[in-house]
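# Fold and geometry: a report
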Amino acid sequence: MAQVSTRHTACVLCEAMCGLEVTVTDGEISGIRGHRGDPLSRGHICPKGVALQDLHADPDRLRRPLRRRGTTWEEIGWDEAIPLVARRLAAIQREHGRDAVGVYLGNPNSHSLGALTHGIQLVRTIRSKNSFSATSVDQLPHHVVSWGLYGHQFLLPVPDIDRTDLLVLIGHNPMASNGSIWTVPDFPARRRALRERGGRLVVIDPRRTETAKIADAHHRVRPGTDVWVLLAIVREVCALGPRPAAYVDGVETVREAVAPFTPEVAQALSGMPAATVRELAAALLGARSAAVHGRMGVSTQAHGVLCQWAIQVINLLTGHLDQPGGLMFTSPAIDLAGRGLMGAGHYGAWRSRVRGLPEFGGELPSSVLAEEITTPGPGQIRGLVTIAGNPVSSTPGGRALDAALDSLDFMVAIDIYVNETTRHADVILPPTGPLERDHYDLIFHTLAVRNTARFTPALFERPADARHDWEIARDLALALVRARGERVSPVDQARLRTSPTLQLDALLRTGEAALDGRRLSVKKLRQTPGGVDLGPLRSVLPGRLRTPEHRIDLGMPLALDAIAALARDVAGAVEAAATRGAGELLLIGRRHQRDNNSWLHNLPRLTRGRPRHWLEVHPDDLAARGIPDGALVRVRSAAGAVEVECQASDDVMPGVVCLPHGYGQGTFDGVRLREAAALPGVSMNDLTDPARVEAVAGNAVVNGVPVTIERA
Ligand SMILES: Nc1nc2c(c(=O)[nH]1)N[C@H]1C(S)=C(S)[C@@H](COP(=O)(O)OP(=O)(O)OC[C@H]3O[C@@H](n4cnc5c(=O)[nH]c(N)nc54)[C@H](O)[C@@H]3O)O[C@H]1N2
Ligand SMILES: Nc1nc2c(c(=O)[nH]1)N[C@H]1C(S)=C(S)[C@@H](COP(=O)(O)OP(=O)(O)OC[C@H]3O[C@@H](n4cnc5c(=O)[nH]c(N)nc54)[C@H](O)[C@@H]3O)O[C@H]1N2
Ligand code: SF4
Ligand SMILES: [Mo]
């Protein structure tokens, strides 16, 4: 008789954090489906959740430490690996200073409890000003604006989709991405419910995305020009009669600052009709409830911070922020901002050595990583620690970084795969996989459309010689301090030696959330595998603000300076737009439901079916160049060139071409990285340019990259 059991876990592959129901037959996964009893995800699952089965069994997933020998690897024991890494890092720091060891944190850190409780502690122990993460290729502008307006970088309001009447999504494609800086599992069903109650969805995007296709209205803008549209909406709202809450200051300052940004200017720069800009402003003011949200498309472009600032200001001035159906803050069981578990943020406390770009919240923009490795002088990065990241594939100018990594004295990667980046490591330390560890989502519960709390214990016992990420971080941090000849403080000792689950329990027991009149605990959450429902989002302002007087000042200096810089030459910008060459092409990115940044492209369940790596080009742009549909084209930018098949599509607006990022794996420079076959394609970040960064915070510009194409 086969032993069959049903167990519950959570998917950690994207921000939707779906609850899963896993059938295990004789110790092996025999089925994965969405967990209907999960009060947040309500049974939703996507193909990636199902493919966790492949990830769990993937023979390419690393399970023991590796040491590199030329282009091959040998397995070594943990007791050899950890002291070796600590010794090498300590030697570099002793000889060249703390900052000579750089750190890069990748996206999956935000999806692991242990990475947050212990990985961050390891980074603090390394104590280098050369800290980088995927944040600066992603949501950095959101943090800068939340810090500037609300006093904390993690006070990030999300659309209350379940109650709104009007939802405006800008540069955001949740039908493919399942939502971002907005945990909204089962977006399709929530969108249907919105329609059924008579609400509207409006999308602003240069591409007719999967989300635009199901919207009530889709407005196209030229990539990188949203700022003109958004400032014009702010201007119109100011003219029509803003309705800010009593705790909002600086309305007059904003009104004056945005005066030059008329809807006509917006039309000239973006292509979005002036009448549409006016209608949208009026609709937002007139709606009973409305939420405006912008994501990758408006964050990773030339004016990311200003775009995100304008989006918050629109929500504030139309009176919808913190109101049911508007843009709302969550009341999570563990309040990262309120309890000081994450820093509030700081800007420009130091600058990058070579280019002088500002740090934010302790991190420098990833676009400077390669130059900080290759430029000689005091403070040059000579050793690197990467944790769950693949910056060669994921950050601008990947090829240059790839070459730079070769010149390091020492590199260690905490990662579960040999990838384009970790292949340069001297040592790779692989933690357990997502189904082998306890989990509670510290980050994404704070961004979810409903307040819930869910703890999922490890689904499988880990193999005897496997280590959790937190154990690797603990051991490495302790060994590093010792190798530097220092002593570990009692507080750090205690923190490092307490497991994530115990730390979680303490946080829940001292938190504000309660069930049946009693505080939450891990024990209590264990009894409810889908998680406990703490109800719909609640109005929390001004109490939750972390600003000095619990007030919001719209006139955030960084934003006002950036507006003033734009305002200086509005006429010049309009003229440049009118005279721009007809042949100019701007490259943007796209996500596919079955992709996950640069990894999982070797899993059988995600690689079946038609390829999806091509360059999307408008038929008129192909015809103008005499390029047939499907031909191999050479795409060139200031940073590099790739050759990839094109596909004619009028989903992209004329003048815009579109590539997915995170492709080009499998074989890299003739070296086969993984046993399993990977999807074809090229890396979009061979084209993006580390020299072009966002104006205020140095965020990467991966959308709106000027390119040319020709037949290869
Ligand atoms: N052109 C372009 N570039 C982009 C984007 C874009 O839209 N366009 N998007 C950007 C965005 S939003 C992001 S978040 C970044 C992502 O950038 P990165 O985080 O640098 O890259 P990922 O592809 O997410 O790689 C994650 C790595 O973590 C490893 N990993 C997975 N799970 C674990 C784990 O539990 N523990 C450990 N230690 N390792 C693990 C995987 O093997 C993988 O190698 O890419 C950015 N780059
Ligand atoms: N299937 C899948 N899901 C994922 C991921 C994945 O790789 N695959 N990655 C996860 C991660 S780490 C993140 S951060 C999220 C990201 O989630 P999203 O932000 O939804 O991701 P994108 O698909 O990059 O959406 C960006 C949109 O901006 C548009 N755009 C590009 N340039 C501009 C512009 O100048 N203006 C405007 N208005 N729009 C523009 C693009 O056409 C695209 O539709 O997705 C997460 N979920
Ligand atoms: S949408 Fe898919 S990848 Fe994202 S959490 Fe849910 S199942 Fe996982
Ligand atoms: Mo991301």
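Just so it is clear, the model here is predicted, and its values are computed rather than measured. (Residues numbered from 1 in each chain as written. Chains lettered and ligands numbered in written order. Predicted model: local features only at pLDDT ≥ 70, side-chain atom pairs only at ≥ 80, totals over all residues. Heavy atoms only, no water.)

### Examining helix H23 (residues 570–578)
Condition: Accessibility here uses a 1.4 Å probe with only protein chains present; expressed as a share of the type maximum, an area under 20% marks a residue as buried, one over 50% as exposed, and anything in between as partly exposed. Only DSSP runs of H or I covering at least 4 residues are called helices, and only runs of E covering at least 2 are called strands; the numbering of each starts at the N terminus. For this quantity, the arc is that covered by the directions from the helix axis to the C-beta atoms.
The complete set of buried residues in H23 reads Val-570, Ala-573 and Ala-577. For H23, the buried positions fall inside an angular range of 60° around the axis, keeping them on one side. Seen from the open side of H23, the exposed residues pointing more than 90 degrees away from its buried face are Ala-571, Glu-575 and Ala-578.

### Structural notes on the confidence of the model for the chain
To keep it simple, the criterion reads: Summary of the metric used: pLDDT quantifies the predictor's per-residue confidence within the range 0 to 100.
Within the chain, residue pLDDT values average 96, and 98% of them lie at 70 or more. The element-level mean pLDDT for the chain is lowest in strand E32 (residues 667–668), coming to 60, with strand E9 (residues 166–170) highest at 99.

### So, the nonpolar core
Threshold: Here the nonpolar core consists of buried residues drawn from Ala, Val, Leu, Ile, Met, Phe, Trp, Tyr and Cys, with membership extended through side-chain atoms lying within 4.5 Å.
By size, the foremost hydrophobic cluster in this structure holds 118 residues, and its most contacted members are Trp-228, Trp-309, Tyr-440 and Ile-552. With 34 residues, the next largest nonpolar core counts Ile-76, Ala-81, Val-123 and Leu-496 among its residues.

### Some remarks on the sheet that holds strand E6 (residues 101–105)
Hydrogen bonds between backbone atoms are what pair the strands of a sheet, whose relative direction is either parallel or antiparallel. Put simply, the test is: Between any two strands, at least two bridges found by DSSP are needed for them to pair. The convention used is that axes are lines fitted to C-alpha atoms, helices contributing only their stretch in contact, and that angles between N-to-C directions extend from 0 to 180 degrees. By the convention used here, residues are in contact when the closest approach between their heavy atoms is within 4.5 Å.
Overall, mixed pairing links the seven strands, which are arranged E5-E4-E19-E18-E17-E6-E7 in an open sheet. The open sheet terminates on both sides in strands that have one partner only, identified here as strand E5 (72–75) and strand E7 (131–133). Mean inter-strand twist for the sheet, computed between neighbouring axes without regard to direction, equals 20°. Note that strand E4 (residues 66–69) and E5 share four bridges and pair antiparallel. Considered in E5, the bridge of Arg-67 is made with Glu-74. Relative to E6, helix H4 (residues 113–126) is tilted by about 160°, and along the sheet it contacts E6, E7, strand E17 (383–387) and strand E18 (410–414).

### Re the pattern of salt bridges
Rule in force here: Salt bridge, as applied in this entry: a Lys or Arg side-chain nitrogen positioned within 4 Å of an Asp or Glu carboxyl oxygen.
A full pass over the atoms with the stated rule returns 44 salt bridges. Its salt-bridge partner being Asp-426, residue Arg-68 comes within 3.9 Å of it at the nearest N-O pair. With Arg-68 in strand E4 and Asp-426 in the loop between E18 and strand E19 (427–429), the pair connects residues that are 358 residues apart, well separated along the chain. Between Glu-372 and Arg-353 there is a salt bridge whose closest N-O contact spans 3.0 Å. Of the two residues, Glu-372 is situated in helix H15 (residues 369–374) and Arg-353 in the loop between strand E15 (347–351) and strand E16 (358–360); the sequence distance between them amounts to 19 residues. Residue Arg-353 is classed as partly exposed on the basis of its relative accessible area of 30%.

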